[in-house]
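# Commentary on secondary and tertiary structure
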Amino acid sequence: MIKKVFKFLGIFILSILLIIIILIGKYQYDQNQKVDDFFSKVDRVEIVSYPSRTNWDESDRLKTSELYSIIEKSSFKEKYIKDRIQLSEEQKNRLIDLFKDINLRIATQAACYEPRHLIVCFDKNNKVYGYLELCIECGTYDSSKNMEGILNFSMEKGAKFETLFKEFGIKHFTDNN
């Protein structure tokens, strides 16, 4: 009788583990599909760095809710831009790979939200197709509607973005540099 109970428990535990593995695989596949679908409509990508908006002149500060219209009109205050790079195709693919990198471990976020980096995606007509504004320090972001849920972002992932951005040539990461 005890052997049957242990056999049943073993099969039950293995079944649960198999279900978890299948669900993780499906989540990874779904996430990759979202990223691929979005970037299939993107012709070029720019990354912009700037000081925290709390350090901008009061009259120039913009609310997060105003970000899309400002990007769409290309009226982002040039005087605040520290770095602006257009990604090569190879860099764009590396960025896409980072979007697909899913952290299933603990993902830490804080509440500072002082973003200093903006990823702007343009379609083939050179119109803004989507944007993602990142706060690498606290692991939070704001995005256009069509990029919501496309990124599994955290402080840990922010460190990976910082490394990648540095490799791309972005130099501004804190207001002290």
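Residues numbered from 1 in each chain as written. Predicted model: local features only at pLDDT ≥ 70, side-chain atom pairs only at ≥ 80, totals over all residues. Heavy atoms only, no water.

### Side note on the pairing of strand 1 (residues 44-49)
Counting buried positions over the 6 residues of strand 1 gives 6, a clear majority of the element. Side chains of strand 1 alternate between two faces, with R44, E46 and V48 and V45, I47 and S49 buried alike. Across 6 bridges, strand 1 lies against strand 3 (residues 117-122) in antiparallel orientation. Residue pairing across strands places I47 opposite I119, the latter belonging to strand 3. Here strand 1 runs beside strand 2 (residues 83-86); their pairing, made up of 4 bridges, is antiparallel. Opposite V48, over in strand 2, you have R84 as the bridge partner. (Buried < 20%, exposed > 50% of the residue type's maximum accessible area, 1.4 Å probe, protein only. Helix = DSSP H or I, 4+ residues; strand = E, 2+ residues; numbered from the N terminus. Pairing = 2+ DSSP bridges.)

### Some details on the sheet that holds strand 2
Here we have 5 strands laid out as an open sheet, ordered 2-1-3-4-5, and antiparallel in their pairing. Here the strands that pair on one side only, and so sit at the sheet edges, are strand 2 and strand 5 (140-143). Averaged over neighbouring strand pairs, the angle between their axes works out to 15° when direction is ignored. On top of the sheet, helix 4 (residues 155-168) reaches strand 1, strand 2, strand 3 and strand 4 (128-135); it is set at about 70° to strand 3, its chief contact. (Axes fitted to C-alpha atoms, helices over the stretch in contact; angles between N-to-C directions. Contact = heavy atoms within 4.5 Å.)

### Quick notes on the nonpolar core
Soluble, globular proteins show a tendency: their nonpolar side chains are buried together. Judged by nonpolar contacts, the single largest core of 27 residues is most densely connected at F39, L95, F99, I119, F161 and F165. Looking at this core, the elements with two or more residues in it are helix 1 (2-39), strand 1, helix 3 (89-100), strand 3, strand 4 and helix 4. (Core = buried A, V, L, I, M, F, W, Y, C linked by side-chain atoms within 4.5 Å.)

### Observations regarding the packing of aromatic side chains
Two aromatic rings, taken as a pair, are described by how far apart their centres are and by the angle between their planes. Going through the model one piece at a time under the given rule, you end up with 5 aromatic pairs. Geometrically, the ring pair formed by F161 and F165 is edge-to-face, given 5.7 Å between the ring centres and 80° between the ring planes. Of the two residues, F161 and F165 both sit in helix 4, 4 residues apart, roughly one turn of that helix. Across this residue pair, the class does not change: F161 and F165 are buried. Above the plane of the ring of F122 lies R44, whose end atom (NZ or CZ) is 3.8 Å from the centre. The positively charged end of K166 is found above the aromatic ring belonging to F173, 5.3 Å away from the centroid. (Phe/Tyr/Trp six-rings, centres within 6.5 Å; stacked < 30°, edge-to-face > 60°. Lys NZ or Arg CZ within 6 Å of the ring centre and 35° of its normal.)

### Quick notes on the pairing of strand 4
Buried residues dominate strand 4, accounting for 7 of its 8 residues. The sheet contact formed by strand 3 and strand 4 spans 6 bridges and is antiparallel. Counted as the bridge partner of F122 is V128 from strand 4. Relative to strand 5, strand 4 runs antiparallel, the two being bridged by 4 bridges. Within strand 5, the position partnered with E133 by the bridge is D142.

### Describing the environment of G139
In this structure, G139 sits in the loop between strand 4 and strand 5. Considered as a pair, G139 and N152 are 13 residues apart in the sequence and their alpha carbons are 9.7 Å apart.

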